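Working through the structure, step by step
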Amino acid sequence: NILPEWPVDEIASWIDGSLSQSNPPRLRVVVIAPRGGGKRSFTAAVTRKLGMSLLVVDAGAAEESNWARFFLHAQRQVFLDTAALAWTGEAAVRRQWPTNQTLFPLQFVLCEPGSEPAPISGAVDRQVRLPMPEASTRERLWRKSSAQAAKWPADEMRRLAKHHTVWPGDIERASHLGANTPQEA
């Protein structure tokens, strides 16, 4: 689900242009949004646009003592798969990235506002703050969230989307909780 507010084309174009240079830099795209803000979906949309697959890795899955080895294995895997690498979890931001390892040319760090990673040597960082979806986008997301929501009266749906500024993940969670009416949502 690509939201119209997301700068997918802009970021994909920047990545493509940067990696097409004769001596391309290592790129690290820092995607910032609250929980449920669409960080993974945005990153997947960008990599799809580039014709790449995506490997999402939770940095917290490795113990601190194993971090350098875990990091190395993730880098090796994306070199083998020619896939972009997306790091999630607080550990991806908090832990020191090993400087003696070659980075795959394209990495993403998915984080929440206020927990952005420090810049690293040898990579160009680009921050992308995902915006709150507009009311019309939220209305579309509500309609697609469940068969029940698709039947809600249009005026009540519009009112819900206009008065409740929520992220895509919030709409998805409300749907999974079984909201049967706009009032329950």
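Everything that follows concerns the structure shown earlier in this document.
For the structure given in this document, a descriptive report is provided here.

Procedures and definitions
- Residues numbered from 1 in each chain as written.
- Predicted model: local features only at pLDDT ≥ 70, side-chain atom pairs only at ≥ 80, totals over all residues.
- Heavy atoms only, no water.
- Pairing = 2+ DSSP bridges.
- Helix = DSSP H or I, 4+ residues; strand = E, 2+ residues; numbered from the N terminus.
- Right-handed = clockwise from strand over helix to strand, strands pointing away.
- Phe/Tyr/Trp six-rings, centres within 6.5 Å; stacked < 30°, edge-to-face > 60°.
- Buried < 20%, exposed > 50% of the residue type's maximum accessible area, 1.4 Å probe, protein only.
- Lys NZ or Arg CZ within 6 Å of the ring centre and 35° of its normal.
- Arc of directions from axis to C-beta.
- Contact = heavy atoms within 4.5 Å.
- Axes fitted to C-alpha atoms, helices over the stretch in contact; angles between N-to-C directions.
- Salt bridge = Lys/Arg side-chain N within 4 Å of Asp/Glu carboxyl O.

Quick look at the pairing of strand β2 (residues 53-58) now. Strand direction decides the pairing type here: β2 and strand β3 (residues 83-88), joined by six bridges, are parallel. Considered in β3, the bridge of L55 is made with L85. In terms of handedness, the path from β2 via helix α3 (residues 67-81) over to β3 forms a crossover that is right-handed.

Quick look at the packing of aromatic side chains now. Counting across every chain of the model gives 10 aromatic pairs. Ring centres 5.1 Å apart and planes at 80 degrees place the aromatic pair F79 and F104 in the edge-to-face group. Of this pair, F79 sits in helix α3 while F104 sits in the loop between α4 (90-94) and β4 (106-111), and the two are 25 residues apart along the sequence. Arranged with centres 6.1 Å apart and planes meeting at 40 degrees, the rings of W142 and W152 form a pair that is tilted. Taken as a pair, W142 in helix α5 (residues 135-145) and W152 in the loop between α6 (147-150) and α7 (154-163) lie far apart in primary sequence, 10 residues in all. Comparing W142 with W152, the two get one shared label, buried. Ring-pair connections join several aromatic residues into one group, and the members of that group are W67, F70, F71, W87 and W97. Between R28 and the ring centre of W97, over which it is positioned, the NZ or CZ distance is 4.8 Å.

Moving on, we come to α7. Every buried residue belonging to α7 is among M157, L160 and A161, and all of these are buried. The buried residues of α7 occupy one face: seen down the axis, they fall within an arc of 95 degrees. Exposed residues pointing more than 90 degrees away from the buried face of α7 are listed as K162 and H163. At its buried positions, α7 is contacted by α5 and α6.

Before going further, it helps to examine the sheet that holds strand β5 (residues 123-129). Strand order across the open sheet formed by five strands is β2-β3-β4-β1-β5, with parallel pairing between neighbours. At either margin of the open sheet sits one strand with a lone partner, and together these are β2 and β5. Between one strand axis and the next, the sheet turns through 20 degrees on average, direction left out of account. As judged from the seven bridges shared by strand β1 (residues 26-32) and β5, these two strands associate in the parallel manner.

Our focus in this paragraph is the environment of L103. Within the element layout of this structure, L103 appears in the loop between α4 and β4. The exposure class assigned to L103 is buried, which follows from its relative accessible area of 10%. Sequence-wise, L103 and L72 are 31 residues apart; in three dimensions their C-alpha atoms are separated by 8.8 Å. With residues near it in sequence (within four places) discarded, L103 still touches R26, F71, Q75, F79, W97, I120 and A123.

Per the stated rule, a full pass over the model turns up nine salt bridges. Residues D9 and K49 are paired through a salt bridge, measuring 2.9 Å at the closest nitrogen-oxygen approach. With D9 in helix α1 (residues 8-19) and K49 in helix α2 (residues 39-49), the pair connects residues that are 40 residues apart, well separated along the chain. Residue class for K49 comes out exposed when judged on its relative accessible area of 52%. A salt bridge links R129 to E116, with the nearest nitrogen and oxygen atoms 3.2 Å apart. Here the residue R129 occupies a position in strand β5, and E116 occupies one in the loop between β4 and β5, the gap between them amounting to 13 residues. Each of E64, E90, R94 and R95 takes part in one network of salt bridges that share partners.

Geometry only, nothing functional implied.
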